[in-house]
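# Close look at the chain arrangement
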Amino acid sequence: MQRRKVYVPGAAVLLVALLAGCTGGSGHDDGGDGKSGDASGSTTAAEPGRYRTLPEPCGAVDNSTLDAMLPGIEEIEDADQREKAYGGSPTVTYDTDRRVGCRWKVESPDATHHLLVDFERVVSYDGAVSDDARAQEVYRTKLREADLPEPSASGSEEESPSPSGSEGSDESDEPEGTKGSKGSKDPEASEEPTGSGKPEGSAGTQVAARAQGGAAAEVGKGDGAEPGDTLDPEATPEGLESRSLDDLGDEAFLADVLSTAASASRHRTVTVVFRTSNVVVTVEYDEQPARRTEVPDSKEMQDNARELAENLTDRFNG
């Protein structure tokens, strides 16, 4: 009987220890689940952009549009050269998932025409910033380069914009705009000199508003520009000046510049830029007449550029 009294308490102690161990392990698991739950619930990722791919740019402009915008292309006698002219030349980019473009050039006895389309798909690498918001920053940077006012939050502010407010906007938005292009693997910034099409578009838009200011200025070199080109301050007819557009994509603007080349001939560049979700599209259209006395028609060029931009909007939305 004494032997049994010795072993019974020992068994009870062992059972209690085992139960305590199981209980402690269960408590530890509950704490781990709670931690992971807190971590997953603390961050809400911003929505991705609507577009994950870009259309093939050289195939985005149909032949009838090229016929209207590039007079003389139909009259190219050599069939191979004519086919090549319609096909365009892809611009050089480092990441075709993020940016693509195409350009066309046609020389005729009456004038030389250039056309460029550029598609940039913007992706945000900040989980708290959506792709659309980052694309808007990229678009606003282009708008500022064109010296056009940014749209205000309210109608009353739009009527009386504050210079200090615009400066504050530049300070806060400009780095973000830079981040926008960097966020899209900013090789685009380094692509510009290699023929991505952006330098020409930027050159055209940067001088757009200065053409309205009344002072001649040297023009940056673009597709149809030559070193020493200057702006004609009275170039654009009233009502056709550079301006924002309210009927194209999510937001858009048009820049119209007429410059006088060093050779005394004139060429006009019309640029339309619009944003649809997380894609920024640029259309740049340039005409340089062969005769020094001729001036490219602003309305006709703007109508052609806007019609092409509308067709591209339908292509993205379709």
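Everything below is about the structure shown above.
Quantities reported herein were computed from a predicted structural model and do not represent experimental measurements.

Criteria and cut-off values
Residues numbered from 1 in each chain as written. Predicted model: local features only at pLDDT ≥ 70, side-chain atom pairs only at ≥ 80, totals over all residues. Heavy atoms only, no water. Core = buried A, V, L, I, M, F, W, Y, C linked by side-chain atoms within 4.5 Å. Buried < 20%, exposed > 50% of the residue type's maximum accessible area, 1.4 Å probe, protein only. Helix = DSSP H or I, 4+ residues; strand = E, 2+ residues; numbered from the N terminus. Contact = heavy atoms within 4.5 Å. Expected span 1.5 Å × (residues − 1). Phe/Tyr/Trp six-rings, centres within 6.5 Å; stacked < 30°, edge-to-face > 60°. Disulfide = S-S within 2.5 Å. Polar contact = N/O pair within 3.5 Å; in protein donor to acceptor, adjacent residues only side chain to side chain. Pairing = 2+ DSSP bridges.

Here the focus is the nonpolar core. By size, the foremost hydrophobic cluster in this structure holds 35 residues, and its most contacted members are Leu115, Val117, Phe119 and Leu312. Listed by contribution, the elements that provide at least two residues to this core are helix H2 (63–69), helix H3 (79–87), strand E2 (99–107), strand E3 (111–121), strand E6 (251–260), strand E7 (266–276), strand E8 (279–289) and helix H9 (298–317). Element by element, the count of residues in this core is highest for H9, at six residues. Ignoring sequence-local partners within four residues, the contact set of Phe119 consists of Leu54, Pro55, Pro57, Ala60, Arg98, Arg99, Val100, Val280, Val281, Leu312 and Phe316.

Attention now goes to helix H4 (residues 131–145). For H4, with 15 residues, the first-to-last C-alpha span of 21 Å sits near the 21 Å given by 1.5 Å per residue. Within H4, burial applies to Asp131, Arg134, Ala135, Glu137, Val138, Tyr139, Arg140, Thr141, Lys142, Leu143 and Arg144.

Where two aromatic rings form a pair, the distance of their centres and the angle of their planes describe that pair. The final tally for this structure, using the stated rule, is three aromatic pairs. On the basis of an interplanar angle of 75° and a centroid distance of 5.4 Å, the ring pair of Tyr51 and Phe316 is categorised as edge-to-face. Here the residue Tyr51 occupies a position in the loop between helix H1 (2–41) and H2, and Phe316 occupies one in helix H9, the gap between them amounting to 265 residues. On the accessibility criterion, Tyr51 (8% relative accessible area) is buried. Centroid distance Tyr139 to Phe253: 5.8 Å. Interplanar angle 50°. Geometry classified as tilted. Of this pair, Tyr139 sits in helix H4 while Phe253 sits in strand E6, and the two are 114 residues apart along the sequence. No difference in accessibility class separates Tyr139 from Phe253, as the two residues are buried. These aromatic residues form a ring-pair network of at least three members: Tyr51, Phe119 and Phe316.

Under the defined criterion, the tally for this structure stands at one disulfide. Put simply, Cys58 and Cys102 are joined by a disulfide, and their sulfur atoms are 2.1 Å apart. When the S-S torsion is 100°, as for the bridge of Cys58 with Cys102, the disulfide is right-handed. With Cys58 in the loop between H1 and H2 and Cys102 in strand E2, this pair connects stretches of sequence that are 44 residues apart. For the residue pair Cys58 and Cys102, the accessibility class agrees, reading buried in each case.

Bringing H9 into the picture now. Spanning 20 residues, H9 covers 28 Å between terminal C-alpha atoms, matching the ideal 28 Å at 1.5 Å per step. All of the buried residues along H9 are Ser298, Met301, Gln302, Asn304, Ala305, Leu308, Ala309, Leu312, Thr313 and Phe316. For H9, the capping residue at the N-terminal end is Asp297, with a side-chain oxygen 3.2 Å from the backbone nitrogen of Lys299.

Regular strands place side chains that alternate from one sheet face to the opposite one. Summarising burial for E8: 11 of the 11 residues are buried, a large majority. The two faces of E8 match: Val279, Val281, Val283, Tyr285, Glu287 and Pro289 on one face and Val280, Thr282, Glu284, Asp286 and Gln288 on the other face are all buried. Of the pairings in the sheet, the one linking E3 to E8 comprises 11 bridges and is antiparallel in character. Looking across to E8, one finds that His113 is bridged to Glu287.

Mapped onto the elements of the fold, Thr112 is located in strand E3. Looking at Thr112, the relative accessible area reads 19%, which means it is buried. Among residues more than four places away in sequence, those in contact with Thr112 are Lys105, Val106, Glu107, Asp286, Glu287 and Gln288.

Moving on to unusual backbone geometry. Its identity is not glycine, yet Asp147 carries a phi of approximately 60°, on the positive side. Relative to the elements of secondary structure, Asp147 occurs in the loop between H4 and helix H5 (155–159). Look at Asp147 and you get partly exposed, because its relative accessible area is 39%.

Before going further, it helps to examine the environment of Tyr86. Turning to its location among the elements, Tyr86 is positioned in helix H3. Spatially, the C-alpha atom of Tyr86 lies 7.5 Å from that of Ile73, the residues being 13 residues apart in sequence. Those residues within four positions of Tyr86 in sequence are excluded, and the remaining contacts are Asn63, Leu66, Asp67, Ile73, Glu74 and Trp104.

With that settled, consider the pairing of E3. Counting buried positions over the 11 residues of E3 gives 11, a clear majority of the element. Covered by surrounding structure in E3 are Ala111, His113, Leu115, Val117, Phe119 and Arg121 together with Thr112, His114, Leu116, Asp118 and Glu120, the residues of both alternating faces. Of the pairings in the sheet, the one linking E2 to E3 comprises nine bridges and is antiparallel in character. Paired with Trp104 across the two strands is Leu115, which belongs to E3. Taken together, E2 and the strand that follows it, E3, pair antiparallel across an intervening segment of three residues.

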